[in-house]
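# Observations on the model geometry
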Amino acid sequence: MNIKVVCRRRISRFLITGVIGLAASLTVQGQGSPLSLNQAGEVLPIETTLTAQERAMVAWVDERKQSIITELSAHVDINTGTANIEGIDRYRTVLEQELAALGFTTETHSSVPIDVLTCEGGQVLVADHLTGVIRGGDGPRVLINGHMDTVFSATDEFQSLQISDDGVLKGPGVADMKGGIVVMLNALRALSDQGLLEGSNLTVLFNSDEEIGSLGSRSLIESLAGKHDIGLVFEGTYGSRVTRARKGLGQARLKVTGRESHAGGAHQDGVSANLELAHKIIEIEGLTDYAKKLTVNTGVMNGGEKRNTVPGCADAYVDMRFPAEQGGEYLKAEIERIANNTHTSHPQYPGLPRTESWAVLHRPSKPQHAEVDKLISEAMGISILVGEPITGTRYSGGGTDGSIAQGVGLPTMDSLGLDGTGAHSSREASSINSLIERTKLAAILLARQLHEK
Ligand SMILES: [Zn+2]
């Protein structure tokens, strides 16, 4: 790769936005997008102008403002909690029709059920995933990704889009990430209107299980990532800042089997699964080390059924976060060690309590990446021109499917969706401005990636 480095001091023409002022900056022109960094290594917006074709796409989006809002409302109204297979099936049919109308060749991909280690046992069923493919020419191969599922179940009270007079959009998945999907679809339509989908190499992936860690779609994401050059994920942003790097994520389950017995009449014949699990949870929680950016969280624990019975089964569901894979491997190994370390003993019942464990690092960490920095720099520059400027970057403790794609080598920018607040809660909200301006940004950025000069 030929890289030309130009170092200069300049007065930013973007001063009016307050994004950057007088800045000693470094502009790197390499393969693909240009990149602008300041001396602290922070990503700055590149200086850019819009072509006539890009301005036409901006106008296309402006003319369809009302229909884009109406489309978001229709998407939000379909409940797609991860466990709502019927709801996701219905939503996937809508998306499949939209992609087919744009000339994509669509395909559904099934996922095997996921065994769950709990006292109740059973499996988690995952709805089918959807891909759409357009192939042509020898330009860069771009993979764009969004997840259909939300954290809101079919019985949740938070089910539809509310639009207030001041342009606030409130609803389940408005930012995470029905809004991102509507941005993506309308960006594709704007490209199609300009004839820019023809002769491009683009794959769209809609998966159905992101909110449970993409346990069923991971292999599909990884195999697609290996066949593309650039990845764009339409997860939301927060505080007008896009994510530059992310922690890795893991999850673990523990199931402790004891022996049920009457709490009054035969207490000595019981083996308390709750007591054993409690010891283990204290040990597991002790693994959190803020200085090393390692955290564990026992988000769910269950044990026993009746006050007056020594509990015969208890389970826990643990979350792990780590800045690099080594930290994740350490946490996983420690949780397995703790699972195998029995704290309570009952000589009359050898082998009890018995603990089973399961752990997986389901999202690798997503470190800074020069190609991703270039995309961010370009997106920031474009966003200043189209509205709702991206004002900076952040390091996130949360993962996305972009982490999986980049983990197998696909440089992926992962926060091209709506700027929102309150994700995963009944306060989830974004704005009409974000919906519309992010659509323009997505159209321009995508067109530039697909038809790289
Ligand atoms: Zn999401």
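Residue positions are counted from 1 within each chain, in the order its sequence is given. Predicted model: local features are reported for residues with pLDDT of at least 70 only, side-chain atom pairs are reported and counted for 80 or more only, and whole-chain, interface and lining totals are derived from all residues.

Turning to the pairing of strand S19 (residues 313-322), a few remarks are in order. Here the C-beta atoms are placed from the backbone, and a residue counts as buried if at least 20 other C-beta atoms lie within 10 Å of its own, exposed if 12 or fewer do, and partly exposed otherwise. A run of H or I in DSSP becomes a helix once it reaches four residues, and a run of E becomes a strand once it reaches two; helices and strands are each numbered from the N terminus. Burial of S19 is extensive: eight of the 10 residues sit out of reach of the surface. For two strands to be treated as a pair, DSSP must find no fewer than two bridges joining them. Of the pairings in the sheet, the one linking strand S15 (residues 248-257) to S19 comprises 10 bridges and is antiparallel in character. Residue valine 256 lies in a different strand from S19, and its bridge partner there is alanine 314. The pairing of strand S17 (residues 295-303) with S19 spans eight bridges and is classified as antiparallel. Looking at the pairing, asparagine 302 lines up with aspartate 315 of S19.

This paragraph deals with the sheet that holds strand S12 (residues 201-207). The six strands lie next to each other as S5-S8-S12-S9-S13-S22, forming an open sheet whose pairing is mixed. The outermost strands of the open sheet, each flanked by one partner alone, are strand S5 (105-109) and strand S22 (412-413). Once C-beta atoms have been placed from the backbone, residue pairs whose C-beta atoms lie within 7 Å are recorded as contacts. For every element, the axis is a line fit to its C-alpha atoms; helices are fit only across the contacting stretch, and the angle between N-to-C directions ranges from 0 to 180 degrees. Across the sheet, helix H3 (residues 85-101) is in contact with S5, strand S8 (129-134) and S12; its angle to S8 comes to roughly 5°.

Our next topic: the nonpolar core. The term nonpolar core means buried Ala, Val, Leu, Ile, Met, Phe, Trp, Tyr and Cys residues held together as one set by C-beta atoms within 7 Å. Of all hydrophobic cores here, the largest spans 76 residues; its most connected members are Met184, Ala187, Ala379, Ala442, Ala443 and Leu446. Top contributing element to this core by residue count: helix H10 (residues 432-450), with 10 residues.

Attention now goes to unusual backbone geometry. With omega at -15°, the peptide bond leading from aspartate 176 into methionine 177 counts as cis. By secondary structure assignment, the location of methionine 177 is in the loop between strand S11 (168-170) and helix H4 (178-193). Omega for the bond connecting leucine 352 with proline 353 falls within 30 degrees of zero, at -5°, which places this linkage in the cis form. Notably, serine 214 is not glycine yet its phi reads approximately 55°, a positive angle. Counting through the fold element by element, serine 214 comes out in the loop between S12 and helix H5 (218-225). Residue classification places serine 214 among the buried residues on the basis of 27 C-beta atoms within 10 Å. Unusually for a residue other than glycine, lysine 293 sits at a positive phi of about 60°. Its place among the elements puts lysine 293 in the loop between helix H6 (273-285) and S17.

On a range of 0 to 100, pLDDT expresses the predictor's confidence in each residue. Taken over all residues, the pLDDT of the protein chain has a mean of 93, while the share at 70 or more is 93%. Confidence drops under a pLDDT of 50 for residues 1-23, and excluding neighbours within four residues, the segment shows 33 contacts in the predicted structure.

Here the expected span of a helix is defined as 1.5 Å times the quantity of residues minus one. Compared with the 18 Å implied by 1.5 Å per residue over 13 residues, the 18 Å span of H6 between its first and last C-alpha is a close match. What H6 keeps buried is the set Ala273, Glu276, Leu277, Lys280 and Ile284. Angularly, the buried residues of H6 cover 95° about the axis, an arc narrow enough to put them on a single face. Residues of H6 that are buried make contact with S15, S17, S19 and helix H7 (325-340). The directions from the helix axis to the C-beta atoms are what the arc is built from.

By the element assignment, glutamine 162 lies in strand S10 (residues 162-163). Judged by C-beta crowding, with 13 C-beta atoms within 10 Å, glutamine 162 ranks as partly exposed. Expressed as a C-alpha distance, the spacing of glutamine 162 and proline 172, which sit 10 residues apart in the sequence, is 9.9 Å. Excluding its chain neighbours within four sequence positions, the residues that come into contact with glutamine 162 are Lys170 and Gly171.

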